[in-house]
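What the coordinates show
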Amino acid sequence: MGTLLGLSRIIDAVSHLIGKSVIWLILAATLISAGNAVARKAFNIGSNAFLEIQWYLFAAVFMLGAGYAFLQNAHVRIDVIANKLGSRMRNLVDVIGIIVFLLPLCYFMITYSWPVVAGAYASGEMSSNAGGLIRWPVYALVPAGFALLALQSVSELIKRIAFLRNLGPDSIAHDGHNDAEDHIHATLGDASSNNAADEPKK
């Protein structure tokens, strides 16, 4: 189980890094939107490409950030029911939900969306709007997003099972499931402590 928990920490770190990175896409979309509005009003210049890149960026934030939302326990729950359950039952419900519903959904979405991406790439599909963008990059966000969500689902499944076996904390009850950043800092702190202990005393 220790190896699996180590794998879980690595997945959490990846999801954390991606989640913190895609936040900047919101700023990019905002700046593009503002620049496009100024160009239209002040210079009567517009571009469908600038309009489309805004929803491309929004789609990227939504799809690529799903795994990070799961890591942070920010996804939608039926709290009226969940709050009435004990911690072990909540974790058991999550285990069943991940295995029976979430992972099969991710598999289904990846399997059936990838041919669409490949077809759009092969055909060079473009937007129907004049001056619009190529389509395959935004189509690719669907399998990529669900792949990241599936990866984080594996991490959450490991943590839920570890708790049920009394080998780990209740990640549902902790903010951010002992956030991956805390794991990174703790790991670096342990390494620094070990290095300091190994240094000869002067």
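Since the structure is predicted, the reported quantities are computational estimates derived from the model, not experimental observations.

1. Notes on helix α5 (residues 87–123)
Relative to the 54 Å expected for 37 residues at 1.5 Å per residue, α5 spans 51 Å between its end C-alpha atoms, a close match to the ideal helical length. I98 marks where α5 bends most, by close to 45°. When α5 is considered as a whole, its buried residues turn out to be R90, N91, D94, V95, I98, L102, C106, S113, V117 and A120. Taken from the residues just after α5, G124 is the one with a positive phi, measuring 65°.

2. Let's talk about a nonpolar patch on the surface
A contiguous nonpolar surface patch, about 640 Å² in accessible area, is contributed by M89, L92, V93, I96, I99, V100 and F101. Secondary-structure assignment places V100 in helix α5. With relative accessibility at 46%, the residue V100 sits in the partly exposed group.

3. As for the packing of helix α1 (residues 2–43) against helix α6 (residues 136–164)
Packing of α1 against α6 leaves a shortest axis separation of 9 Å and a crossing angle of 140°. Judged on the interaxial angle alone, α6 and α1 are oblique. Between α1 and α6 the crossing geometry is left-handed. Contacts between α1 and α6 involve L4, L5, L7, S8, I11, D12, S15 and I18 on the former and, on the latter, L148, L151, Q152, V154, S155, E156, I158, K159 and A162.

4. Re the environment of I98
Considering the arrangement of structural elements, one finds I98 in helix α5. Taking C-alpha positions, I98 is 9.1 Å from A150, a pair spaced 52 residues apart along the chain. I98 has contacts with F70, L103, P104, S153, E156 and L157, leaving out every residue within four places of it along the chain.

5. Brief notes about α1
Spanning 42 residues, α1 covers 62 Å between terminal C-alpha atoms, matching the ideal 62 Å at 1.5 Å per step. One or two residues past the end of α1 sits N44, with phi positive at roughly 55°.

6. Examining the side chain of N36
Among the secondary structure elements, N36 is positioned in helix α1. Residue N36 is classed as buried on the basis of its relative accessible area of 6%. Ignoring sequence-local partners within four residues, the contact set of N36 consists of I45, G46, S47, F50, L51 and Q54.

7. A few points about the nonpolar core
Counting residues in each nonpolar core, the largest one holds 17 residues, and the members touching the most others are C106, L141 and L149. Of all the secondary structure elements, the ones that give two or more residues to this core are α2 (48–64), α5 and α6. For this core, the leading source of residues is α6, giving six residues. Look past the residues within four positions of C106 in its chain and what remains in contact with it is F146, L149 and A150.

8. Overview of the confidence of the model for the chain
Residues at a pLDDT of 70 or more form 82% of the chain, whose mean pLDDT is 83. Considering each helix and strand of the chain separately, the mean pLDDT is smallest for helix α7 (residues 180–198), with a value of 48, and largest for α6, with 95. A low-confidence stretch, residues 176–180 (pLDDT under 50), is modelled with 19 contacts involving residues beyond four sequence positions or located in other chains. Contacts of residues 186–202 to residues separated by more than four positions or lying in other chains number zero contacts, the stretch itself having pLDDT below 50.

Rules of the game
- Numbers given to residues run from 1 along each chain, matching the order in which its sequence is written.
- Two thresholds apply to this predicted model, a pLDDT of at least 70 for residue-level local features and 80 or more for giving and counting side-chain atom pairs, whereas whole-chain, interface and lining totals are computed over all residues.
- Excluding hydrogens and water, the side-chain values take into account all heavy atoms of the structure.
- For helices the rule is a DSSP run of H or I covering at least 4 residues; for strands it is a run of E covering at least 2, with both sets numbered from the N terminus onward.
- By this rule, a helix spans an expected 1.5 Å times one less than how many residues it contains.
- Across the chain, bend at a residue is computed as the angle between axes fitted to the seven residues ending at that point and the seven starting from it.
- Exposed residues in this analysis have more than 50% of their type's maximum accessible area, buried residues have under 20%, and partly exposed residues fall in between, with area computed by a 1.4 Å probe over protein chains only.
- The residues that make up patches have over 30% relative accessible area and no salt bridge, and they are joined within 9 Å when like-charged or within 5 Å when they are Val, Leu, Ile, Met, Phe, Trp or Tyr.
- Accessible surface area values rest on a Shrake-Rupley calculation with a 1.4 Å probe, where residue burial reflects the displayed protein chains alone.
- The term salt bridge refers to a pairing of a side-chain nitrogen on Lys or Arg with a carboxyl oxygen on Asp or Glu at a separation within 4 Å.
- Axis definition: a line fitted to C-alpha atoms, limited for helices to the stretch in contact. Angles are taken between N-to-C directions and run from 0 to 180 degrees.
- Oblique is the label for any angle not covered by the other classes, which are roughly parallel (under 35 degrees), roughly antiparallel (over 145) and roughly perpendicular (65 to 115).
- Crossing handedness is defined as follows: a turn of the near helix away from the far one that is anticlockwise and smaller than a right angle gives a left-handed crossing, while the clockwise case is right-handed.
- What makes two residues a contact is simply this: any of their non-hydrogen atoms within 4.5 Å.
- Here, nonpolar core refers to any group of buried Ala, Val, Leu, Ile, Met, Phe, Trp, Tyr and Cys residues whose side-chain atoms link them within 4.5 Å.
- On a range of 0 to 100, pLDDT expresses the predictor's confidence in each residue.

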